[in-house]
Amino acid sequence: MSLKFDFSNVMEANIGSTHGLSMENIEALSGKGLSALKEFRERAEKEELGFYNLPNQDALCDEIESYAETVRKRFDYFVHIGIGGSALGPIALQTSLRNSHYNSGQKPKIYFPDNIDPDWLHELADQIDVSKTLFHVVSKSGATAETAATMLYFMDFLTSKLEDDFYKNLVFTTDPAAGLLNQIAREYPIKCFRIPPGVGGRFSVLTPVGLVPAAIAGIDIKKLLSGAADMAAVCDTENMLENPAFMFAAIHYLYMQKGKNISVMMPYSNKLKDMADWYKQLWAESLGKRFDLNKEKIECGQTPANALGATDQHSQIQLYVEGPNDKLITFLEVEQFKNDVELKNHFTYIPEFDYLQGKTLGQLLNAEKAATELALTNNQRPNLTIKVEEVSEENIGAYFFLMEAATAFAGALLNIDAFNQPGVEEGKVATYALMDRKGYKQKKKEIEAMFAKKQFFVIG
Ligand code: PA5
């Protein structure tokens, strides 16, 4: 694992005292950080803070790898059905570590239908032969409407092709005991993987939620977990100023207090693009909370955004450099690209191209990152860099763990529960009511009463 966290460009020495931080500002939070760390350890011991224990799962990796081997032999397609925390991590894992054109040449082709747009699902159904498709249904609660509906959508195709044998093309990843998927699995001998208790959806990428599809794609899941384990050891450091998870959290926390309520994750790497989407959910759902642990109304959080370098230099950067100074930007940088080559100026009669002669694309990409960093810093815009030597299983595992631990520290600094999502649950309940799910009649009445009172202002 080789991951560095560079926070030079938030320090007042580099961006001035109006928008910069001092070491004293950060040190003042280190007592809270250390107490939080001790509490994490205790809760992890009791399996209440499940993500903390995920790097150490050798036996599970063996089981998943041998399962993946049989899947690769038996199936031509693998469809992962899940949403939110049950999809974003697995997608980021795939896109960072497998070939971008994997589906053109590899078997099984892997798909992540994480939405219920009927036209989109229809196009996927058209692409696959369901009798040669394994459907991985992932839901911690086993009840999420979008996941249930997508499963039912494909069930029609499955039962019409396979009749009573449909269950042979299903695998579930869910809670160890609770939920509707377990109810189905009690009726049919469906293979089930488990999400350990105490691991919430957005912290579940290093469980079978992400590991099963990763192993099927040929990603080395043991290396992934070993990178996470190395990072877990670093994030266990009691010297808080040397603890990157605490530092990431403390810096973000201090900027929230200064009114910088936007956290941008900007990878300079297409392979890491979806890591920013995963981060957005983690940061938003964990820290966007109405009440603190004392039940005081605080309405805290930081809006996460993503951008891609260098593409978004031609889209977002103008705003970041000159617009409102309300953001903290985190770059993800890759030192060594695996397939970097030197460019040649084939048009020697155009000397304006000479500066590219002998340079690599990776050099240009990282020079652009350095230039953006410089422009932001010169304009007192705080920015951080997480740098990996290369995009590898170990470094991806380390990044996942680092961000999860940072989120836990940020929750502790904000004095909130970073592991629940009452706002999401509220939406889920309203959906069940609107769709007439049994037991939600009263809720439906409340919603109808709200609609009856609503004044509409609509054009067209
Ligand atoms: O992070 C979370 O808890 C949520 O985003 C869930 O992952 C999402 O709502 C899906 O829930 P479930 O896995 O229970 O179907």
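Keep in mind that this is a model prediction, so the values were computed, not measured. (Residues numbered from 1 in each chain as written. Predicted model: local features only at pLDDT ≥ 70, side-chain atom pairs only at ≥ 80, totals over all residues. Heavy atoms only, no water.)

## Remarks on the overall build of the protein chain
Then step 1. In terms of regular secondary structure, the protein chain is built from 18 helices and twelve strands.
Then step 2. Here the protein chain has a C-alpha radius of gyration of 24 Å; the compact-globule value for 460 residues is 23 Å, and the two agree.
Then step 3. With the C-alpha coordinates aligned to their principal axes, the bounding extent of the protein chain is approximately 65 × 60 × 60 Å.
Then step 4. Within the span of the protein chain, comprising 460 residues, buried residues form 48% of the whole. (Helix = DSSP H or I, 4+ residues; strand = E, 2+ residues; numbered from the N terminus. Rg over C-alpha atoms; globule rule 2.2 N^0.38 Å. Buried < 20%, exposed > 50% of the residue type's maximum accessible area, 1.4 Å probe, protein only.)

## With respect to the domain arrangement of the protein chain
Then step 1. By the assigned domains, the protein chain splits into domain 1 (3-41 + 225-414) and domain 2 (50-219).
Then step 2. Summarising the inter-unit geometry, the C-alpha centres of domain 1 and domain 2 are found 30 Å apart.
Then step 3. Each partner contributes to the interface: domain 1 provides 29 residues, whereas domain 2 provides 26 residues.
Then step 4. Area buried by domain 1 at its contact with domain 2 is led by Leu-225, Lys-271 and Glu-404, which between them contribute 29% of it.
Then step 5. Our enumeration of links across domain 1 and domain 2 arrives at one salt bridge.
Then step 6. Put simply, Arg-202 and Glu-285 hold a salt bridge, and the shortest N to O gap is 3.0 Å.
Then step 7. Of all the secondary-structure elements, those providing two or more residues to the side of domain 1 that touches domain 2 are helix H3 (30-45), helix H11 (221-234), helix H13 (273-287) and helix H16 (393-414). (Domains from an automatic or database assignment. Contact = heavy atoms within 4.5 Å. Buried area = accessible area lost by both parts, 1.4 Å probe. Salt bridge = Lys/Arg side-chain N within 4 Å of Asp/Glu carboxyl O.)

## Description of the site of the ligand
Then step 1. By nearness alone, 14 residues border the ligand, and Ser-86, Ser-139, Ser-141, Thr-144 and Gln-281 come closest of all.
Then step 2. Contact distances for the ligand include 2.5 Å between an oxygen atom and a side-chain N or O atom of Thr-144.
Then step 3. Measuring from an oxygen atom of the ligand, one finds a side-chain N or O atom of Gln-281 at 2.6 Å.
Then step 4. For the ligand, whose accessible area on its own is 380 Å², the fraction buried by protein is 93%.
Then step 5. In terms of residue class, the shell around the ligand is made up of one nonpolar, nine polar and four charged. (Near = heavy atom within 4 Å. Polar contact = N/O pair within 3.5 Å; in protein donor to acceptor, adjacent residues only side chain to side chain. Areas by Shrake-Rupley, 256 points an atom, 1.4 Å probe, with all protein chains shown as cover. Nonpolar A, V, L, I, M, F, W, Y, C, P; charged D, E, K, R; others polar.)

## Describing the pattern of salt bridges
Then step 1. In total, this model carries 21 salt bridges according to the counting rule given.
Then step 2. Among the ionic pairs, Lys-280 bridges to Asp-277, the shortest N-O distance being 3.5 Å. Here Lys-280 pairs with Asp-277, and both are found in helix H13, just three residues apart, close to one helical turn.
Then step 3. Given a relative accessible area of 25%, Lys-280 falls into the partly exposed group.
Then step 4. Owing to a relative accessible area of 27%, Asp-277 belongs among the partly exposed residues under this scheme.

## A closer look at the sheet that holds strand E11 (residues 327-334)
Then step 1. The sheet built from five strands is open, its strands ordered E1-E12-E11-E7-E10 with mixed pairing. The strands lining the two open edges of the sheet, one partner per strand, are strand E1 (3-6) and strand E10 (303-306). The mean angle between the axes of side-by-side strands here comes to 20°, regardless of whether they run parallel or antiparallel.
Then step 2. Relative to E11, helix H15 (residues 361-378) is tilted by about 160°, and along the sheet it contacts E11 and strand E12 (383-388). (Pairing = 2+ DSSP bridges. Axes fitted to C-alpha atoms, helices over the stretch in contact; angles between N-to-C directions.)

## Overview of the nonpolar core
Then step 1. The biggest cluster of nonpolar side chains holds 102 residues, and the ones touching the most others in it are Phe-248, Ile-251, Tyr-399 and Met-403.
Then step 2. The dominant element in this core, judged by the number of residues it contributes, is H16, at 14 residues.
Then step 3. By size, the runner-up hydrophobic cluster in this structure holds 23 residues, among which are Val-137, Phe-154, Leu-181 and Ala-185. (Core = buried A, V, L, I, M, F, W, Y, C linked by side-chain atoms within 4.5 Å.)

## Points about the side chain of Thr-173
Then step 1. Tracing the sequence through the fold places Thr-173 in strand E5 (residues 170-174).
Then step 2. A polar contact of 2.7 Å, which involves the side chain of Thr-173, links it to the side chain of His-136.
Then step 3. Those residues in contact with Thr-173 that sit more than four places away from it in its chain are His-136, Val-137, Val-138, Ser-139, Leu-181, Phe-193, Ile-195, Pro-208 and Val-209.

## Brief notes about a negative patch on the surface
Then step 1. A cluster of acidic residues, Asp-117, Asp-119, Glu-123 and Asp-126, forms a negative patch at the surface.
Then step 2. Assignment of secondary structure puts Asp-117 in the loop between strand E3 (109-111) and helix H7 (118-127). (Patch = residues over 30% accessible without salt bridge, like charges linked within 9 Å, V, L, I, M, F, W, Y side chains within 5 Å. Lys, Arg positive; Asp, Glu negative; His and termini not counted. Charge placed at Lys NZ, Arg CZ, Asp CG, Glu CD.)

## Let's talk about unusual backbone geometry
Then step 1. A cis amide bond links Lys-107 with the next residue in sequence, Pro-108, at an omega value of -10°.
Then step 2. Looking at the element boundaries, Pro-108 is found in the loop between helix H6 (102-105) and E3.
Then step 3. In this chain, Gly-309 is followed by Ala-310 through a cis amide linkage whose omega measures -5°.
Then step 4. Along the chain, the position of Ala-310 falls in the loop between E10 and helix H14 (317-322).
Then step 5. Backbone geometry places Lys-295, a non-glycine residue, at a positive phi of 65°.
Then step 6. Among the secondary structure elements, Lys-295 is positioned in the loop between strand E8 (289-291) and strand E9 (297-300).
Then step 7. One non-glycine residue, Gln-380, lies in the positive phi region at around 55°.
Then step 8. Position of Gln-380 among the secondary structure elements: in the loop between H15 and E12.

## Points about a nonpolar patch on the surface
Then step 1. On the surface, Leu-434, Met-435, Phe-451, Phe-456 and Val-458 cluster together into a nonpolar patch covering about 590 Å² of accessible area.
Then step 2. Mapped onto the secondary structure, Leu-434 falls in helix H17 (residues 422-434).

## Quick look at the environment of Lys-161
Then step 1. By the secondary structure assignment, Lys-161 is in helix H8 (residues 145-162).
Then step 2. Overall, Lys-161 belongs to the exposed group, its relative accessible area being 53%.
Then step 3. Each C-alpha atom, one on Lys-161 and one on Asp-129, is 9.5 Å from the other, the two residues being 32 residues apart in sequence.
Then step 4. For Lys-161, the residues in contact, after removing those within four places along its chain, are Asp-129, Val-130 and Ser-131.

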